[in-house]
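A closer look at the structure
Now for the letters of each chain:
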2 protein chains.
Amino acid sequence: MSFTLNDRPGVSEETRKRIAAVARDMGWSPNAAARALSVRSAGAIGLVIARPEQSFSSERFFFELIVGLQSQLSADGKALVLQVAKDVNEESEIHRRWWSGRTVDGIILIDLRENDPRPATLAQLGVPTVIVGQPSDSLGAVVGDEEGIMRKILEHLIEEGCTRIAYVSGFTSLAHITQRARTLSQIGRKRGIEVQLSTATDFTEDSALEHTKELLQGPRRPDAIIYDNEILTLGGYQALRTLGFTVGEDIAVVSCEDSAICRVLTPAVTAIHREPSTVGVHAAEVLTSMLAGGPATTVLEETPELIVRASSQLR
Amino acid sequence: MSFTLNDRPGVSEETRKRIAAVARDMGWSPNAAARALSVRSAGAIGLVIARPEQSFSSERFFFELIVGLQSQLSADGKALVLQVAKDVNEESEIHRRWWSGRTVDGIILIDLRENDPRPATLAQLGVPTVIVGQPSDSLGAVVGDEEGIMRKILEHLIEEGCTRIAYVSGFTSLAHITQRARTLSQIGRKRGIEVQLSTATDFTEDSALEHTKELLQGPRRPDAIIYDNEILTLGGYQALRTLGFTVGEDIAVVSCEDSAICRVLTPAVTAIHREPSTVGVHAAEVLTSMLAGGPATTVLEETPELIVRASSQLR
């Protein structure tokens, strides 16, 4: 039936025939059998997204990442196996099931938490893995310059004369978000600028609206607000409008993700412009090279541009 | 090794041991072997997207469809296998490979073309399949009310006094788009309204910008333009602004897809509000029921709402 089995010394002709008979009896096609018996390659890469559903329903980031991954994997004839999980524990279960059943040849890991158990588990299992967003000793990685991003934003706001800067973030359990907050605090201290790290949103527009209202009605009203992405910015704009603030005059606004929404909001939103599809392409490249026997390498992404628009140009 | 094999009459203890030995020798884990030998379920559903990459890079439709599919499949412990293809032929090759290797238990088919060969091929192969967007005799289907959508838009524009209505569409090779065009022409004739079906865009903002300019500078300048989605609308707005038109005064604009972009554009865009994630959930439900031995059913989606905003309220 399969080349591997036929070639194997120590398996008698009789045994081979019985295996073939049982297999046929079970409704196998030669193709399916060959694939199952070779277990060389699943022809697929796995990606689990472990976030509450509503928290990414409007974000272009994931879709573009997936498109980038896929466009690169397709060149290699590989598929992407995608599953949504409730949390990191469920994600780890899926990883184990995928690996023991060789559903996938390798795994892409996103949304790393502080003290995340997943990289160590995958390294131990020996699963070829590429982490998107954080460096790793033993696994492949594609790392964004979170410090550089926050430095660019802060330098720009300081130039515009802002002195009380607030950060409305996504889940603080995410490693890249604590990193952004840390950078803001450090630079703020160094430059004598007040930085307010608001409690984290759940990445929804409504929650950004509420947090922004609290900030504006609190004792230390900020003169600039940084939002983690364009959806949070959208919620922020609503709160600012409701409370009678004029963005670009009374207060500066910057988004850490760009999209068409940032261009068409009035006033248009100053934003960090990344191409998540490029990150996907790089992650697929690193993983493909690892699957071909190469070492686990790390790609450092260039610091993305800050596109300055009307929302942060104070008169 | 596997329950199925152990239980099988006519397989001797010796043969079972030899199979187990060979399998272990080949580095199989009992899990992998059990899965490979049962070949009952791949635990996955396949989806191929066959569109030029840039044509969906900004659209929320696909991502929300995928999220809806996944959230429903996850409840069943199933993964989604996703692959991007250049065209329908490459997509069919992927389907055949998936099915012969039992990579997937069933397939979701989207973006149906006029005279699409895929449904017949999949029916012939016996692959449990659900088509998103078009009805089928032999396969499962989730069908949107394209006629109802176009009727709602046209009735609204006629009420606003529009008499020369243009349609800036996506690829006319897509079945739902020819259906929309046909409905517009029919109603237009019946109501004595001029309907212009512009040559199709490639679903990009730039191409909508060009097509809109041509329309406005052509001999039969429209007093209303219908765009297939929010990205095309964005391109249209730029053309209208450049040529000095005021949307909501000189000309009405409607988008066949809603999103945050429609809400935040100035003026806000009247749009058909669908929930692609619901379509995904329904498609997964039909497929799951077919995999459990149920018949290939068809779900008819309710006609979505038209959210009237400033872009189509002519003064």
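Note that the structure is a prediction, hence the values are computed from the model and not measured.

Criteria and thresholds
Residues numbered from 1 in each chain as written. Chains lettered and ligands numbered in written order. Predicted model: local features only at pLDDT ≥ 70, side-chain atom pairs only at ≥ 80, totals over all residues. Heavy atoms only, no water. Helix = DSSP H or I, 4+ residues; strand = E, 2+ residues; numbered from the N terminus. Buried < 20%, exposed > 50% of the residue type's maximum accessible area, 1.4 Å probe, protein only. Contact = heavy atoms within 4.5 Å. Areas by Shrake-Rupley, 256 points an atom, 1.4 Å probe, with all protein chains shown as cover. Phe/Tyr/Trp six-rings, centres within 6.5 Å; stacked < 30°, edge-to-face > 60°. Lys NZ or Arg CZ within 6 Å of the ring centre and 35° of its normal. Pairing = 2+ DSSP bridges. Axes fitted to C-alpha atoms, helices over the stretch in contact; angles between N-to-C directions. Patch = residues over 30% accessible without salt bridge, like charges linked within 9 Å, V, L, I, M, F, W, Y side chains within 5 Å. Salt bridge = Lys/Arg side-chain N within 4 Å of Asp/Glu carboxyl O. Lys, Arg positive; Asp, Glu negative; His and termini not counted. Charge placed at Lys NZ, Arg CZ, Asp CG, Glu CD. Core = buried A, V, L, I, M, F, W, Y, C linked by side-chain atoms within 4.5 Å. Expected span 1.5 Å × (residues − 1). Polar contact = N/O pair within 3.5 Å; in protein donor to acceptor, adjacent residues only side chain to side chain. pLDDT = per-residue confidence, 0-100.

**What about the overall build of chain A?**
Secondary structure summary: chain A contains 12 helices and 12 strands in total. The buried share of chain A, reckoned over its 315 residues, is 58%. Of all intrachain contacts in chain A linking residues separated by at least 6 positions in sequence, the fraction that spans at least 24 positions is 72%. Total accessible area on chain A is roughly 12,800 Å²; 48% of this is exposed by carbon and sulfur atoms.

**Examining the packing of aromatic side chains**
One pass over the full model with this rule turns up five aromatic pairs over all chains. Here the aromatic rings of Phe63(A) and Phe62(B) are separated by 6.4 Å at their centres, their planes lie at 5°, and the arrangement is stacked. Taken as a pair, Phe63(A) in helix H4 (residues 60–75) and Phe62(B) in helix H4 (residues 60–75) lie in two separate chains rather than in one. For the pair Phe63(A) and Phe62(B), a shared accessibility class is recorded, and that class is buried. Ring geometry for Phe171(B) versus Phe203(B): centroids 5.3 Å apart, planes at 80°, classification edge-to-face. Of this pair, Phe171(B) sits in the loop between strand S6 (164–168) and helix H8 (175–191) while Phe203(B) sits in the loop between strand S7 (194–197) and helix H9 (205–217); the two residues are 32 residues apart in sequence, bridging distant segments of the chain. Judged by its relative accessible area of 6%, Phe203(B) is buried. Connected via pairs of aromatic rings, a cluster forms that spans Phe62(A), Phe63(A), Phe62(B) and Phe63(B). We note Arg102(A) situated over the ring of Trp99(A); from NZ or CZ to the ring centre the distance is 4.3 Å.

**Overview of the sheet that holds strand S10 (residues 270–273) of chain A**
Backbone-to-backbone hydrogen bonds join strands into a sheet, with any given pair of strands oriented parallel or antiparallel. Residues and elements named next belong to chain A. Taking strand neighbours across the sheet as the criterion, the six strands line up as S7-S6-S8-S9-S10-S12 in an open arrangement whose pairing is mixed. Two strands lie at the open edges of the sheet, namely strand S7 (194–197) and strand S12 (305–307), each paired on one side alone. This sheet shows a mean twist of 20° between the axes of neighbouring strands, independent of strand direction. Sheet topology note: the strand S8 (residues 224–227)/strand S9 (residues 252–255) ladder contains four bridges and is parallel. From the neighbouring strand, Tyr227 faces S9, where its bridge partner is Ser255. Relative to S7, helix H8 (residues 175–191) is tilted by about 160°, and along the sheet it contacts strand S6 (164–168), S7 and S8. Its contacts with the sheet place helix H10 (residues 230–242) against S6, S8 and S9, and it is angled at close to 160° to S9.

**Side note on a negative patch on the surface**
On the surface, a cluster of negative charge is contributed by Asp202(B), Asp206(B), Glu210(B) and Glu214(B). Examined against the element boundaries, Glu210(B) turns out to sit in helix H9.

**Focus on the nonpolar core**
One finds Ile153(A), Leu157(A), Ile226(A), Ile153(B), Leu157(B) and Ile226(B) to be the most contacted residues of the largest nonpolar core, which totals 93 residues. Ignoring anything within four residues of it in the chain, the contact list for Ile153(A) reads Ile226(A), Val254(A), Cys256(A), Ile272(A) and Leu306(A). In terms of nonpolar packing, the next biggest core, distinct from the first, is built from 48 residues, Val130(A), Leu47(B), Leu80(B) and Ile108(B) among them.

**Quick look at the sheet that holds S7(B)**
All names here are of chain B. Across the sheet, six strands lie side by side as S7-S6-S8-S9-S10-S12; this open sheet has mixed pairing. What marks the edges here is a single partner per strand, and that holds for S7 and strand S12 (305–307). Across the sheet, the mean angle separating the axes of adjacent strands is 20° when strand polarity is ignored. Where S6 meets strand S8 (residues 224–227), four bridges bridge the pair, whose relative direction is parallel. Its bridge partner being in S8, Tyr167 is matched across the sheet by Ile226. Together, S6, S7 and S8 form the strand contacts of H8, whose direction differs from that of S7 by roughly 160°. Where helix H10 (residues 230–242) meets the sheet, its contacts fall on S6, S8 and strand S9 (252–255), and the angle it forms with S9 comes to roughly 160°.

**Brief notes about the pattern of salt bridges**
In this structure the tally under the stated criterion is 24 salt bridges over all chains. Residue Arg274(A) is joined to Glu257(A) by a salt bridge in which the shortest nitrogen-to-oxygen separation is 2.1 Å. Remark: Glu257(A) occurs in the loop between S9 and helix H11 (260–264) and Arg274(A) occurs in the loop between S10 and helix H12 (276–291); sequence separation between them is 17 residues. The class of Arg274(A) is buried, set by a relative accessible area of 18%. Residue class for Glu257(A) comes out buried when judged on its relative accessible area of 7%. A salt bridge links Arg309(B) to Asp258(B); the nearest nitrogen and oxygen atoms lie 3.1 Å apart. Linking Arg309(B) in the segment after S12 with Asp258(B) in the loop between S9 and helix H11 (260–264), this pair joins segments that are 51 residues apart in sequence.

**As for helix H5 (residues 88–100) of chain A**
An α-helix turns once per 3.6 residues; consequently, residues spaced three or four apart project the same way. All names here are of chain A. Relative to the 18 Å expected for 13 residues at 1.5 Å per residue, H5 spans 18 Å between its end C-alpha atoms, a close match to the ideal helical length. Looking at H5, one finds that the buried residues are Val88, Glu90, Glu91, Ser92, Ile94, His95, Trp98, Trp99 and Ser100. Between the side-chain oxygen of the N-cap and the backbone nitrogen of Asn89 there are 3.2 Å, and the N-cap of H5 in question is Asp87. Count one or two residues on from H5 and you reach Arg102, which has phi positive near 45°.

**Regarding the confidence of the model for chain A**
All names here are of chain A. Summing up the model confidence of chain A, the mean pLDDT is 86 and the portion of residues at 70 or higher is 85%. This stretch, residues 1–10, has a pLDDT under 50; its non-local contacts, to residues over four places away or in other chains, come to 22 contacts. Confidence over residues 23–39 falls short of pLDDT 50; this stretch has 31 contacts with residues more than four positions distant or in other chains.

**Points about the pairing of strand S2 (residues 79–85) of chain B**
Of all seven residues that make up S2(B), seven are buried, and the element is covered over most of its length. Where burial is concerned, the two faces of S2(B) agree: the one with Ala79(B), Val81(B), Gln83(B) and Ala85(B) and the one with Leu80(B), Leu82(B) and Val84(B) are both buried. Relative to S2(B), strand S2 (residues 79–85) of chain A runs antiparallel, the two sharing three bridges. The residue bridging Leu82(A) from the neighbouring strand is Leu80(B), located in S2(B). The sheet contact formed by strand S1 (residues 44–50) of chain B and S2(B) spans seven bridges and is parallel. Residue pairing for S2(B): Gly46(B) is matched across the bridge by Val81(B).

**Observations concerning the side chain of His156(B)**
All names here are of chain B. Tracing the backbone shows His156 in helix H7 (residues 146–159). Given the relative accessible area of 9%, His156 is considered buried. Those residues in contact with His156 that lie beyond four places of it in its chain are Thr270, Leu306, Val308 and Ser312.

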